[in-house]
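Residue strings, one per chain:
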Amino acid sequence: MERDESAPAPALRAVIDEVRAEEHDVDWARVEAKLFDEHGNVRGGRPPTVRSGRAAAIGAGLALAAAFAIALISPTRAVDDSGKTAVTVTRPALVQDDGRPLQVGDRVLGGAWLKSSGRIGIRLEPGTIATVVDTGERVHLALESGAVVADVVPVPGGEPFAVDVAGKRVAVHGTRLRIALVNGNVEVAVSEGSAVVGAPRGKGRTEGTIVPAGNVGSFGATSSVVANQELASHLVDDALTAKPQPAPTTVALSPAPTTTMPVIVPAPKHAPPAPAPHPEVAPPPAPKLGLTADQLNAPLASFAAKIGHCAPSVFENTLTLDIAADGKAELVGEDPGLDSPMRACVRGELARITFPTAEASTTVKRYVKFTGK
Amino acid sequence: MSVSTAALHPTLPSWLDPRAATNLDRVATSDGDAIRPSHERLTPEPTDDSAALVARARDGDRGAFRKLFERHRGDVARLVYRMVGPRAEIEDLIQEVFVQVHRSLRDFRGEARFSTWLHRVTVNVVLMHRRAEKSRPVLAEEMESGTVEDLTTTMPDVEVERRKRITAFFALIAEIADKKRVVFVLHDLEGKAPSEIAEIVEAPILTVRTRLFYARRELEEKMKAHPLLASIVEREGGFAGVAQAARRESK
């Protein structure tokens, strides 16, 4: 029989109806916080301007000509009569909290708060030394010591912020994270969005290990990424909500900075940034970390082997375990849900497993296959 | 000389004939829920009010832009969700849409309804995101991270099955070409009329219908081959015909 093609076929229609009925919850408070700044301006948006008719055409033409002339004379900087450096912003600028701009090669010390056109906010924790590598579409810092905490407005498919540290590049898709150099290891805590840790690749897209929201990663001789929402939120969100420091952090740096906070050592003219000295910097407090993947593997494998009999037949599942700092584990999630006898059996076997102790609790998801009784 | 599309393309159904200019719209009216369900209609477009808000926002009135955001954010969120499925980056995409709207307000000349223009911006942002995403390798950790919330939730079996079907269907939608997918989402999921879709995608109405036809056919083929969705095809009697289903319902 010929089908009436003006409506979907019943089978397709059935699925369409299910999809139509599906609602997706959106955290509007979070969207608004990302979209609007504290003054109600749209982050990353150009302020609309009013132009009309012929005046608009003339205005646009004059503006274009002026911009072209400025670009010809000095694409990035111009020096006025007083000898002070004036900055012509021809691309998104990275500025300090008081509005003073930074340029490539500037070294920034702990206590500074930086921002870029309302799209990125960066806090350098006390004891931090970083060099500005790029202030363009991708704000790029090189971290020599300490930690930076950043709130980055995501750009779909982009890497608006990156930090090179200890031979690795941490590329940020957004939105809130902390990057620290601790005892030669790179620690990345992400409270919102995600970051990628990989090898530096010039201006290209960074490829490597993804640290998603609610995870803390450690990258050194060995690498691990552990889910720990509480710790990630503590490290990132608390630092971002902290008030700016009243005075610069004391850093033994030659020449000693004498300007008021934030402290910046300008880049030398016509020369690449000097290699970083080794200042006597008190290392930032090490974050409390949960168990590493290496520590988890053995007890989880033992647990998976022991629960095989908990299901009457072959059955696949993903279990979520919450492992407290003292090593006691609790079953907190199942997908799909288990019936009561199976759950009791799994909990019984879990109670017999000993996990190592850690500084913080760890949440881990584990795919298991019940082999049946 | 005028030749109907059906004559040029024997495989195309008669409703693609350009002479049947409002064929789908008539079906929508007579079939009600099939094409444009009443509960799915967008917020009634207060044209004058939105136009005034747009004008004020263009003048730099932050309050006006926030009102536009509050009024239309639900529509944007729903369209983004239906275009990308249950993904972690939906909120980022919504934010990006409104950033683009703010940047482009001066380009909105009021020739189309604001909601139509907003849908066009939304579609473009999502497509740009997908293109950028395609150029980036998807790592195992990233694939797993998208299911974090689901894994910690215990749901009844029926609900689990429904979620799995929806996720599977979104995966099928993602497999079809951008142009066809956009038309399918706007028409069959959003309930928009072909004339408005034509404005959104800036294509002739006939092209919209052609894309819809092929999108549905492609999805039907994929459903037949999908382990989770094939049972629905079986239950509904395959894709043999709407008329058969109608007869079953009447019985």
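What counts, and where the lines are drawn
- Here the residue index of a chain counts from 1 through its sequence in written order.
- Following the order in which they are written, the chains are lettered starting with A and the ligands numbered starting with 1.
- Thresholds applied to this predicted model are a pLDDT of at least 70 for local features of residues and 80 or more for the giving and counting of side-chain atom pairs; totals over whole chains, interfaces and linings are not thresholded and use all residues.
- Here the side-chain values reflect all heavy atoms present in the structure, with hydrogen atoms and water set aside.
- In this text, helices come from DSSP runs of H or I with a minimum length of four residues, and strands from runs of E with a minimum of two, each type numbered from the N-terminal end.
- Type-normalised accessible area, obtained with a 1.4 Å probe on protein chains alone, sets the label of each residue: buried when under 20%, exposed when over 50%, and partly exposed for intermediate values.
- Residues are treated as being in contact if the distance between any of their heavy atoms lies within 4.5 Å.
- The disulfide criterion used throughout: a pair of cysteine sulfur atoms within 2.5 Å.
- Any pair of Phe, Tyr and Trp rings, taking the six-membered ring for Trp, is counted once the centres come within 6.5 Å. Such a pair is stacked with planes under 30 degrees apart, edge-to-face with planes over 60 apart, and tilted for the rest.
- The rule is short: NZ of Lys or CZ of Arg within 6 Å of the ring centre and within 35 degrees of the ring normal puts a charge over the ring.
- The reported arc concerns the directions from the helix axis to the C-beta atoms and nothing else.
- What makes a salt bridge here is a side-chain nitrogen of Lys or Arg within 4 Å of a carboxyl oxygen of Asp or Glu, nothing more.
- Each nonpolar core is a collection of buried residues, namely Ala, Val, Leu, Ile, Met, Phe, Trp, Tyr and Cys, held together in the definition by side-chain atoms within 4.5 Å.
- Every axis in this analysis is a line fitted to C-alpha atoms, fitted for helices over the stretch in contact. Angles between the N-to-C directions lie between 0 and 180 degrees.
- Throughout, the term roughly parallel applies to angles under 35 degrees, roughly antiparallel to angles over 145, roughly perpendicular to angles from 65 to 115, and oblique to all others.
- Helix crossings get a hand from a simple test, with the near helix turned counterclockwise from the far one by less than a right angle marking a left-handed crossing and a clockwise turn marking a right-handed one.
- Classification convention: Asp, Glu, Lys, Arg as charged; Ala, Val, Leu, Ile, Met, Phe, Trp, Tyr, Cys, Pro as nonpolar; all other residues, Gly among them, as polar.
- Each residue carries a pLDDT score, the predictor's own confidence in it, on a scale running from 0 to 100.

Trainee: Lay out the overall build of chain B with the relevant residues and their values.
Mentor: When you go through chain B residue by residue, the secondary structure sums to 14 helices and zero strands. When the helices and strands of chain B are listed from N to C terminus, the series reads α-α-α-α-α-α-α-α-α-α-α-α-α-α. For chain B, buried positions account for 49% of its 251 residues. Partitioning the intrachain contacts of chain B with sequence separation of at least 6 by distance along the chain shows that 65% fall at a separation of at least 24.

Trainee: I'd like a description of unusual backbone geometry, backed by residues and values.
Mentor: Backbone geometry at A:Ala166 places phi at a positive 50 degrees, although glycine is not the residue there. Take A:Ala166: it is sitting in the loop between β10 (161-165) and β11 (168-182). Of the residues examined, A:Ala166 reaches a relative accessible area of 45% and is grouped as partly exposed. Located in the positive-phi region is B:Glu202, a residue other than glycine, with phi close to 55 degrees.

Trainee: So what's going on with the state of the cysteines? Residues and values would help.
Mentor: Residues and elements named next belong to chain A. Per the stated rule, a full pass over the model turns up one disulfide over all chains. The disulfide partner of Cys-310 is Cys-345, and the gap between their sulfur atoms is 2.0 Å. What sets the handedness of the Cys-310 and Cys-345 disulfide is the S-S torsion sign, and at about -70 degrees it is left-handed. You can see Cys-310 sitting in the loop between α5 (293-306) and β17 (315-323) and its partner Cys-345 sitting in helix α6 (residues 340-351), a full 35 residues away along the chain. For Cys-310, a relative accessible area of 4% translates into the label buried.

Trainee: I'd love a proper account of the packing of aromatic side chains, names of residues and values included.
Mentor: Scanning the entire structure with this criterion turns up ten aromatic pairs over all chains. Aromatic side chains B:Phe114 and B:Trp117 sit 5.7 Å apart centroid to centroid with 40 degrees between the ring planes, which places their arrangement in the tilted category. Within this pair, B:Phe114 and its partner B:Trp117 are both found in helix α6 (residues 114-134), separated by three residues, close to a single helical turn. Overall, the relative accessible area of 5% leaves B:Phe114 in the buried class. Considering the side-chain rings of B:Phe213 and B:Tyr214, the 5.0 Å spacing of their centres and the 75 degrees angle between planes classify their relative orientation as edge-to-face. By the ring-pair criterion, three or more aromatic residues cluster together here, those being A:Trp28, A:Phe36, B:Phe65, B:Phe69 and B:Phe98. If you follow B:Arg66 out to its NZ or CZ, it ends over the ring of A:Phe36, 4.1 Å from the centre.

Trainee: Which residues make up helix α2 (residues 28-35) of chain A, and what are the values?
Mentor: By the burial criterion, the buried members of α2(A) are A:Trp28, A:Val31, A:Lys34 and A:Leu35. Buried residues of α2(A), viewed axially, fall in a sector of 125 degrees; they line one side. For α2(A), the secondary structure elements touched by its buried residues are β11 and β12 (185-198) of chain A together with α4 (62-84) and α5 (90-104) of chain B.

Trainee: Summarise the pattern of salt bridges; cite the residues concerned and give the values.
Mentor: In this structure the tally under the stated criterion is 32 salt bridges over all chains. Between B:Arg162 and A:Glu22 there is a salt bridge, with the nearest N and O atoms lying 2.8 Å from each other. Taken as a pair, B:Arg162 in helix α9 (residues 157-175) and A:Glu22 in the loop between α1 (10-21) and α2 lie in two separate chains rather than in one. Between B:Arg82 and B:Glu190 there is a salt bridge, with the nearest N and O atoms lying 3.0 Å from each other. Taken together, the positions of B:Arg82 in helix α4 and B:Glu190 in the loop between α10 (178-189) and α11 (194-201) put the pair 108 residues apart, joining distant regions of the chain. Judged by relative accessible area, B:Glu190 falls into the buried class, the value being 4%.

Trainee: How would you sum up the nonpolar core? Please name residues and give values.
Mentor: One finds B:Met83, B:Ile94, B:Val101, B:Phe114, B:Phe169, B:Phe184 and B:Met223 to be the most contacted residues of the largest nonpolar core, which totals 67 residues. If one sorts the elements of this core by residue count, α4(B) sits on top with eleven residues. One finds A:Ala130, A:Ala150, A:Val165 and A:Val186 within the second-largest nonpolar core, a separate group that totals 31 residues.

Trainee: Can you break down the packing of α4(B) against α10(B) residue by residue, with the values?
Mentor: All names here are of chain B. Two elements in contact, α4 and α10, have axes separated by 10 Å at closest approach and are oriented at 125 degrees. Classified by the interaxial angle, the pair formed by α4 and α10 is oblique. Between α4 and α10 lies a crossing of right-handed hand. Between α4 and α10, the residues in contact are Leu-79, Arg-82 and Met-83 and Arg-181, Val-182, Val-185, Leu-186 and Leu-189, respectively. The class makeup of the residues in the contact of α4 with α10 is six nonpolar, no polar and two charged.

Trainee: Give me the lowdown on the confidence of the model for chain B, citing residues and values where you can.
Mentor: Residue and element names in this part refer to chain B. Averaged over all residues, the pLDDT of chain B is 73; the fraction at 70 or higher stands at 66%. Across chain B, α10 holds the top mean pLDDT of 94, while helix α2 (residues 23-31) sits lowest at 35. Long-range and interchain partners of residues 1-47, a stretch whose pLDDT sits below 50, account for 79 contacts in this model, where long-range means more than four residues apart.

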